[in-house]
Amino acid sequence: RLLKSTVLLRTERSIQVFLENTRHNGAIGRAVKSFHVILRVQLEQVTALRDCLLCLCNLADLQLVLPFLKPARWGRLLHGVRFRQLDLLSINAPHIVVTEFLEYHPAIAFLSIDACGVIRGPCPLNGRILPNLCDISAPVGCIARLISNNPISRVATRQFSKADSAPVCGLVPSLLMSTTDLTVLQLEVSPTDYTFLDSLVRYIPALRALKLTEVNAPGSVTPPSPRRCWRDAFLWGKKLRRLPHLHDFALRTCLPFTQTPRNTDQEHAVIDLWGGWEMPHPSLRRVVVWYLYGMPQDRMVFWERHWSLAECRWHPWVKTCDMDHPDASSFV
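Residues numbered from 1 in each chain as written. Predicted model: local features only at pLDDT ≥ 70, side-chain atom pairs only at ≥ 80, totals over all residues. Heavy atoms only, no water.

Colleague: In this structure, what is going on with the overall build of the protein? I would like to understand it.
Modeller: Per the secondary structure count, the protein includes 10 helices and 15 strands. Among the 332 residues that make up the protein, the fraction classed as buried is 48%. Residue pairs at least 24 apart in sequence account for 64% of intrachain contacts in the protein once pairs closer than 6 positions are excluded. Element-wise, carbon and sulfur atoms account for 55% of the exposed surface of the protein, whose accessible area totals about 16600 Å². (Helix = DSSP H or I, 4+ residues; strand = E, 2+ residues; numbered from the N terminus. Buried < 20%, exposed > 50% of the residue type's maximum accessible area, 1.4 Å probe, protein only. Contact = heavy atoms within 4.5 Å. Areas by Shrake-Rupley, 256 points an atom, 1.4 Å probe, with all protein chains shown as cover.)

This is the structure:
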């Protein structure tokens, strides 16, 4: 039977079956390079999963999504688990657990973590040195402390509590002081934050890709306001031109993108202003907008333009794709 290099387990029963198969044939565990466990309910027994992990001697990618698991049980699960080739870690464990795990896996390059778990005091990852870390997805309050002295080039902020909804204008200078390599940034921003782009222009002018995801503060019950800084398309285009190296821009919003949804002409008019028709943006070539997010009519549109070397000019913007009810994997 063909051995799998990628394994995805979604139930506790499937964990037990994989363990039994691996014990019967050790080659199954040795073949696995990418291991993903994504559960919807609490894991009852950590022993079987721990034994699975101990069989994966050649693992490069590890994803563990285990809801409601207590820190002590996380500790038992990962105690003594070591991977010589681990490159990617995506985990929803408290950061005190992640910190101990990273002690033995300093070569991690890609890290995605969830809520910190510390209510008062600094994140346990504060000052952690990970010399290969280039891509981080984490709560806002933990990122700046974590990436200090590390060669981060891609950052995605996430919000799990009110403490994570700090203004972007305060986060961006901290990012700059922590790294000079940042070129790709994914931000969860408040819809009412009108200053974040000015902060990016000031502190990260070399940004090449920017993805903005509008989110209300966790626990907020206030209806979303229709006001947005990007709705003044001419002014938004002027601000984007102040990021002269920006190639890709993406936006996710619960609001309509244009006055009439699904109107390509209106979309084109907005994209033209964002990209600067009379005074073109020097490098912007791709725009993705996911609008009416969270509603039955949600839609994602992709617009692109190309530079003509022969004519020494930009070709007009063209819609290359539109999607109804897209999933998050398309928002890239």
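After presenting the structure, the write-up continues.
Colleague: Whenever I open this one, the pattern of salt bridges confuses me. Can you help?
Modeller: Side chains that carry opposite charge are capable of pairing whenever their charged atoms lie near each other. Applying the stated criterion across every chain, the model contains 14 salt bridges. The salt bridge involving K319 is made with E267; its shortest N-O contact spans 3.0 Å. Of this pair, K319 sits in strand β15 (residues 318-324) while E267 sits in helix α10 (residues 264-275), and the two are 52 residues apart along the sequence. Connected through shared salt-bridge partners, R262, E267, R299, K319, D322 and D324 make up one network. (Salt bridge = Lys/Arg side-chain N within 4 Å of Asp/Glu carboxyl O.)

Colleague: Honestly, the packing of aromatic side chains in this entry has me stumped. Any pointers?
Modeller: We describe a pair of aromatic rings using the distance from one ring centre to the other and the angle between the two ring planes. One pass over the structure, following the stated rule, counts 11 aromatic pairs. Between W307 and W314, the ring centres sit 5.4 Å apart and the planes meet at 75 degrees, which makes this aromatic pair edge-to-face. What makes W307 partly exposed here is its relative accessible area of 39%. By relative accessible area, which is 12% here, W314 ends up buried. A cation sits over an aromatic face here: R252 above W290, 5.9 Å from the ring centre. Sitting over the face of the ring of Y293, R252 holds its NZ or CZ atom 3.7 Å from the ring centroid. (Phe/Tyr/Trp six-rings, centres within 6.5 Å; stacked < 30°, edge-to-face > 60°. Lys NZ or Arg CZ within 6 Å of the ring centre and 35° of its normal.)

Colleague: Could you clarify how one ought to interpret the environment of K238 in this entry?
Modeller: Tracing the backbone through its elements, the reader meets K238 in helix α9 (residues 233-241). C-alpha of K238 to C-alpha of G275: the two residues are 37 residues apart in sequence and 8.7 Å apart in space.

Colleague: Please explain the nonpolar core as it appears in this structure.
Modeller: Where a protein is soluble and globular, its nonpolar side chains tend to be buried together. Counting 83 residues, the largest nonpolar core has F35 and W274 as the members making the most contacts within it. Those residues in contact with F35 that lie beyond four places of it in its chain are V7, L9, F18, L49, C52, L53, L56, L59, D61, L62 and Q63. Membership of the second largest hydrophobic core comes to six residues, among which are A250, V288, M300 and F331. (Core = buried A, V, L, I, M, F, W, Y, C linked by side-chain atoms within 4.5 Å.)

Colleague: So what exactly am I meant to see when it comes to α9 here?
Modeller: In an α-helix there are 3.6 residues to a turn, and that puts residues three or four apart on one side. Within the sequence span of α9, burial applies to A233, W236, G237, K239, L240 and R241. Tucked inside the fold, the buried residues of α9 contact α8 (196-203), β9 (209-214), β10 (248-252) and α10.

Colleague: In this structure, what is going on with the side chain of R252? I would like to understand it.
Modeller: You can see R252 is positioned in strand β10. Buried and unpaired, R252 has E188 as its nearest opposite-charge partner, separated by 5.8 Å. Within the structure, the side chain of R252 is placed 3.4 Å from the side chain of Y293, a separation counted as a polar contact. With near-sequence residues (within four places) excluded, R252 lies in contact with L212, T213, E214, V215, W290, Y293 and F331. (Lys, Arg positive; Asp, Glu negative; His and termini not counted. Polar contact = N/O pair within 3.5 Å; in protein donor to acceptor, adjacent residues only side chain to side chain.)

Colleague: Would you mind showing me how to read the pairing of β10 here?
Modeller: Working note: regular strand, side chains alternate between the two faces of the sheet. Burial within β10 is extensive, with four of its five residues counted as buried. With five bridges connecting them, β9 and β10 associate as parallel partners. Counterpart to L210 in the pairing with β10 is F249. Each parallel crossover has a hand, and for β10 linked through α10 to strand β11 (residues 286-291) it is right-handed. (Pairing = 2+ DSSP bridges. Right-handed = clockwise from strand over helix to strand, strands pointing away.)

Colleague: Got a minute to help me understand the packing of α8 against α9 in this structure?
Modeller: Close contact between α8 and α9 brings their axes to 9 Å; oriented N to C, the two are set at 20 degrees. It follows from the interaxial angle that α8 and α9 lie roughly parallel. The hand of the α8/α9 crossing is left-handed. Of α9, the residues touching α8 (which contributes F196, L197, D198 and V201) are W236, K239 and L240. (Axes fitted to C-alpha atoms, helices over the stretch in contact; angles between N-to-C directions. Parallel < 35°, antiparallel > 145°, perpendicular 65-115°, else oblique. Left-handed = near helix turned anticlockwise from the far one by under 90°.)

Colleague: How do you make sense of helix α4 (residues 71-78) when you look at a structure like this?
Modeller: Residues of α4 that are buried include every one of R73, W74, L77 and L78, and no others. Along α4, the residues classed as buried sweep out an arc of 125 degrees about the axis, all on the same side. On its buried face, α4 is in contact with α3 (46-54), β3 (61-65), β4 (88-91) and α5 (95-103). Positive backbone phi, approximately 80 degrees, marks G80, located one or two places after α4. (Arc of directions from axis to C-beta.)

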